[in-house]
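Each chain is listed here by its residues.
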Amino acid sequence: MEKVFHLGLCIDDLKGAKLAIVPGDPDRAARISQFLDNPTCLAQTREFHVYLGQLNGHSVVICSTGIGGPSTSIAVEELAQLGVRKFLRIGTTGAIQPHINEGDILISQASVRLDGASQHFAPLSYPAVSDFYATQAMVQACNNLNIDFHIGITASSDTFYPGQERYDTHSGYVPKAFQGSCEEWQKLGVMNYEMESATLFTMCAALGLQAACVAGVLVNRTRQEIPNVDHGEIERKSVAVVLEAAKVLLD
């Protein structure tokens, strides 16, 4: 069988898997895989670490995407070529609404397209929206687990610093296009910043795939910029949600 270009896998390697959990961090992919039955590492190439296991008797893929839209688009495209149709993103995030606390779980209904990669799949007038059923599964998962959550709109940026209006940088300069942007998103009710969901939502909607995104809040930027919370506990909570959502979508 022919292998896809970056992941180096062929369709038989995925054992019929139709659902993938896609964190950014390769180490997180390895940790999530340990919650599956019979986890196996299929590939470790660049930012893409791919694992296969069983969840409720179904084959499930865990594939890290690295940071940002371009590498996310590669992982999603090649997994789709291998038969995956449902993508559940799990990540971390910085909140920008005062009522959201560190450790909270955020479910993204849609994303502000501050990226460039999504424009390679659809024009900016096309919305970056999650799949209703996959997002509903995330909500059901939180309810099943008695985990409090917020659901709303995310700002999804190609850059961590200027695109998210951070001034604690080498130059301290933010281009005019982004000066005041954080306050504007706050006034428009945007919950948080992250770096992958706009690409994921746009390309999956355009290609007829299902996608949803859940993120654990590491910091609330209305109070501070540097996280000082237990990353492990936040990860455990968000992993529990995404695995529960996967079970809902696999039934």
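For the structure itself, look to the data block above.
Residues numbered from 1 in each chain as written. Predicted model: local features only at pLDDT ≥ 70, side-chain atom pairs only at ≥ 80, totals over all residues. Heavy atoms only, no water.

### Digging into the overall build of the chain
When its secondary structure is counted, the chain shows six helices and ten strands. Structurally, the chain occupies a C-alpha span of about 50 × 40 × 30 Å along its principal axes. Long-range pairs, those at least 24 residues apart, make up 75% of the contacts in the chain between residues at least 6 apart in sequence. Each charge class in the chain was averaged separately, 18 positive and 27 negative side chains, and the resulting centres sit 1 Å apart. (Helix = DSSP H or I, 4+ residues; strand = E, 2+ residues; numbered from the N terminus. Contact = heavy atoms within 4.5 Å. Lys, Arg positive; Asp, Glu negative; His and termini not counted. Charge placed at Lys NZ, Arg CZ, Asp CG, Glu CD.)

### Regarding the nonpolar core
Among the nonpolar cores identified, the biggest contains 29 residues, and Ile21, Leu88 and Met138 are the most heavily contacted of them. Broken down by element, the residue count for this core peaks at eight residues, all from helix H6 (residues 231-250). Apart from the residues lying within four places of it in its own chain, the contact partners of isoleucine 21 are Ile32, Val60, Val61, Ile62, Cys63, Leu88, Ile90, Val242 and Leu243. Residues Ala43, Leu52, Met203 and Cys213 belong to the second largest nonpolar core, which totals 28 residues. (Core = buried A, V, L, I, M, F, W, Y, C linked by side-chain atoms within 4.5 Å. Buried < 20%, exposed > 50% of the residue type's maximum accessible area, 1.4 Å probe, protein only.)

### Structural notes on the environment of aspartate 37
Tracing the sequence through the fold places aspartate 37 in strand S2 (residues 37-45). In this structure the C-alpha to C-alpha distance between aspartate 37 and glycine 24, which are 13 residues apart in sequence, comes to 22 Å. When sequence neighbours within four positions are dropped, the list of residues in contact with aspartate 37 reads Gly53 and Gln54.

### Concerning the packing of helix H3 (residues 132-144) against H6
Where H3 meets H6, the closest approach of the two axes is 8 Å, and the angle between their N-to-C directions is 120°. Looking at the two axes, H3 sits oblique to H6. In the packing of H3 onto H6, the handedness of the crossing is right-handed. The segment H3 lies against H6, with Tyr133, Ala134, Ala137, Met138, Gln140, Ala141, Cys142 and Asn144 engaging Val241, Val242, Glu244, Ala245, Val248 and Leu249. For the contact of H3 with H6, the class distribution of residues is eleven nonpolar, two polar and one charged. (Axes fitted to C-alpha atoms, helices over the stretch in contact; angles between N-to-C directions. Parallel < 35°, antiparallel > 145°, perpendicular 65-115°, else oblique. Left-handed = near helix turned anticlockwise from the far one by under 90°. Nonpolar A, V, L, I, M, F, W, Y, C, P; charged D, E, K, R; others polar.)

### Notes on the packing of aromatic side chains
Summed over all chains, the structure comprises two aromatic pairs. Ring geometry for phenylalanine 132 and tyrosine 133: centres 5.2 Å apart, planes at 85°, overall edge-to-face. This pair shows no difference in class: phenylalanine 132 is exposed, exactly as tyrosine 133 is. Their ring planes at 80° and their centres at 4.9 Å tell us that phenylalanine 160 and tyrosine 161 sit as a pair that is edge-to-face. Its relative accessible area of 39% is what places phenylalanine 160 among the partly exposed residues. For tyrosine 161, a relative accessible area of 38% corresponds to the partly exposed category. Geometry around phenylalanine 160 places arginine 166 over its ring, the cationic atom sitting 3.8 Å from the centre. (Phe/Tyr/Trp six-rings, centres within 6.5 Å; stacked < 30°, edge-to-face > 60°. Lys NZ or Arg CZ within 6 Å of the ring centre and 35° of its normal.)

### Some details on the side chain of serine 71
Here serine 71 is to be found in helix H2 (residues 69-81). On the basis of relative accessible area, serine 71 is assigned to the buried category, the value being 9%. The residues touching serine 71, leaving out its near neighbours within four places in the chain, are Glu47, Phe48, Thr65 and Gly66.

### So, H6
An α-helical turn contains 3.6 residues, so any two residues separated by three or four positions project in the same direction. Given a rise of 1.5 Å per residue, 20 residues ought to cover 28 Å, and the 28 Å separating the end C-alpha atoms of H6 matches this to within 8%. Measuring from the backbone nitrogen of glycine 232 back to the side-chain oxygen at the start of H6 gives 2.9 Å, which picks out aspartate 230 as the cap. (Expected span 1.5 Å × (residues − 1). Polar contact = N/O pair within 3.5 Å; in protein donor to acceptor, adjacent residues only side chain to side chain.)

### A closer look at the layout of surface pockets
For the largest pocket, the calculated volume is near 540 Å³. If you go around the largest pocket, you meet 25 residues; those closest to its centre are Thr92, Thr93, Phe160, Met195 and Leu218. Secondary structure elements with two or more residues in the lining of the largest pocket: helix H1 (26-33), strand S5 (86-95), strand S9 (192-194) and strand S10 (210-220). Considering only residue class, the lining of the largest pocket consists of nine nonpolar, eight polar and eight charged. (1 Å grid on protein atoms, 1.4 Å probe; cavity = no way out; pocket = protein on both sides within 12 Å on 5 of 7 lines; lining within 4 Å. Points joined across faces, edges and corners; volume = space filled by probe spheres on them.)

### Brief notes about the pairing of strand S6 (residues 105-114)
For S6, the tally of buried residues reaches eight of ten residues, placing the bulk of the element in the interior. One ladder, built from nine bridges, connects S6 with strand S8 (residues 149-157); its direction is parallel. The residue of S8 that forms the bridge with arginine 113 is serine 156. Sheet analysis places S6 next to S10, joined by three bridges and oriented antiparallel. Within the sheet, the bridge partner assigned to isoleucine 107 lies in S10 and is valine 214. (Pairing = 2+ DSSP bridges.)

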